[in-house]
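The primary structure of each chain is shown beneath.
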Amino acid sequence: MDHKRPGSAPRKSPPPSSAQRQPAVSQAETPTGGWLRSIRFSGFSLVMMVVLVLAVVVLAPSLRTYAEQRQQISQLSTTVADQKAEVDQLTSQRERWNDRTYVTTQARERLSYVLPGDISFLVINDLPVVAPLEADASPVSTNIQSTTIDWLGSLFASTMTAGLAPQAAAPANPKTVAP
């Protein structure tokens, strides 16, 4: 049996010592750094992390294969759509060739065929008409004209001038190569 003294206050536990208190955050420490240090790893959290890593290792190749197959399906769907469009075009072309009027028109245009009793005109010189010369243009002379310029000497002088010219100054940027 516990004797309590009348008028005495209940005992309080002694204040925690400085070693038991939570460490004060230093001036240089960031709040994120303090939060990361306060994380405690339990057995359950370790097991869950291992399960998560195994799930990633097991599922990653399957997801990659799935993505590749979806891409192939998309490409093949595009190819099928293009081929269907080509089949539709060829079908319409075949239907046109089944029309007697279309065949007759093509024979006339491509092979120059005519039906008995028709008159066919074949144009031989089907060149476009050249526009007439302008009135202020000088007429073409029938006389041969000669020039007084020595073209051979001019060509030689031009070549020598280009070859003996001083080189251009070196560029400021050494990485740039002059042509």
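None of these values were measured; they are calculated from a predicted model. Position numbers for residues count from 1 along each chain, tracking the sequence in the order it is written. For this predicted model, a pLDDT threshold of at least 70 governs which residues receive local features, and a threshold of 80 or more governs which side-chain atom pairs are given and counted, while totals over whole chains, interfaces and linings are taken from all residues. In computing side-chain properties, one takes all heavy atoms of the structure into account and sets aside hydrogens as well as water.

A closer look at helix α3 (residues 100-111)
Applicable threshold: By the criteria applied, helices consist of DSSP H or I runs no shorter than four residues and strands consist of E runs no shorter than two, each listed in order from the N terminus. Multiplying 1.5 Å by the helix residue count minus one yields the expected span of that helix.
Across its 12 residues, α3 extends 16 Å between first and last C-alpha, which sits within 8% of the 16 Å expected from 1.5 Å per residue. Remark: S112 follows α3 within two positions and exhibits a positive phi of approximately 60°.

So, the UniProt feature "coiled-coil region" (unreviewed entry) in the protein chain
The criterion, for reference: UniProt positions are given in the numbering used here, feature names are shortened, and annotations may be inferred rather than shown by experiment.
The UniProt feature table records "coiled-coil region" (unreviewed entry) at residues 66-100. Between the C-alpha atoms that bound residues 66-100 there is a distance of 53 Å. The span itself is 94% helix and 0% strand.

Re a nonpolar patch on the surface
Basically, it comes down to this: Like-charged residues within 9 Å of one another, or nonpolar side chains (Val, Leu, Ile, Met, Phe, Trp, Tyr) within 5 Å, are grouped into patches, provided each residue has over 30% relative accessible area and no salt bridge. Accessible areas in this description were obtained via Shrake-Rupley with a 1.4 Å probe; residue shielding takes into account the shown protein chains only. Take a side-chain nitrogen of Lys or Arg and a carboxyl oxygen of Asp or Glu: if they are within 4 Å of each other, that pair is a salt bridge. When a residue's accessible area, from a 1.4 Å probe over protein chains only, is under 20% of the maximum for its type it is buried; when over 50% it is exposed; and in between it is partly exposed.
Nonpolar side chains collect at one region of the surface, where W35, I39, F41 and M49 lie side by side and expose about 470 Å² of accessible area between them. Topologically, W35 is positioned in helix α1 (residues 31-37). For W35, a relative accessible area of 54% corresponds to the exposed category.

As for the UniProt feature "transmembrane region" (unreviewed entry) in the protein chain
In this numbering, the UniProt entry assigns the feature "transmembrane region" (unreviewed entry) to residues 41-60. From the first C-alpha to the last, residues 41-60 spans 26 Å; its make-up is 90% helix and 0% strand.

What about the side chain of Q106?
The condition that has to hold: By definition, residues are in contact when any of their heavy atoms lie within 4.5 Å.
Within the secondary structure, Q106 is located in helix α3. Using a relative accessible area of 11% as the deciding quantity, one classes Q106 as buried. Discounting residues that sit within four places of it in the chain, Q106 has contacts with W97 and L111.

Some words on the confidence of the model for the protein chain
The following threshold applies: For every residue, the predictor reports its confidence as pLDDT, a number between 0 and 100.
Of the residues in the protein chain, 72% reach a pLDDT of 70 or more, and the chain-wide mean stands at 79. α1 is the least confidently modelled element of the protein chain, averaging 69 in pLDDT, while helix α2 (residues 43-97) averages 93, the highest of any element.

Thoughts on unusual backbone geometry
The phi dihedral of S112 is positive, around 60°, even though this residue is not glycine. Secondary-structure assignment places S112 in the loop between α3 and α4 (151-164).

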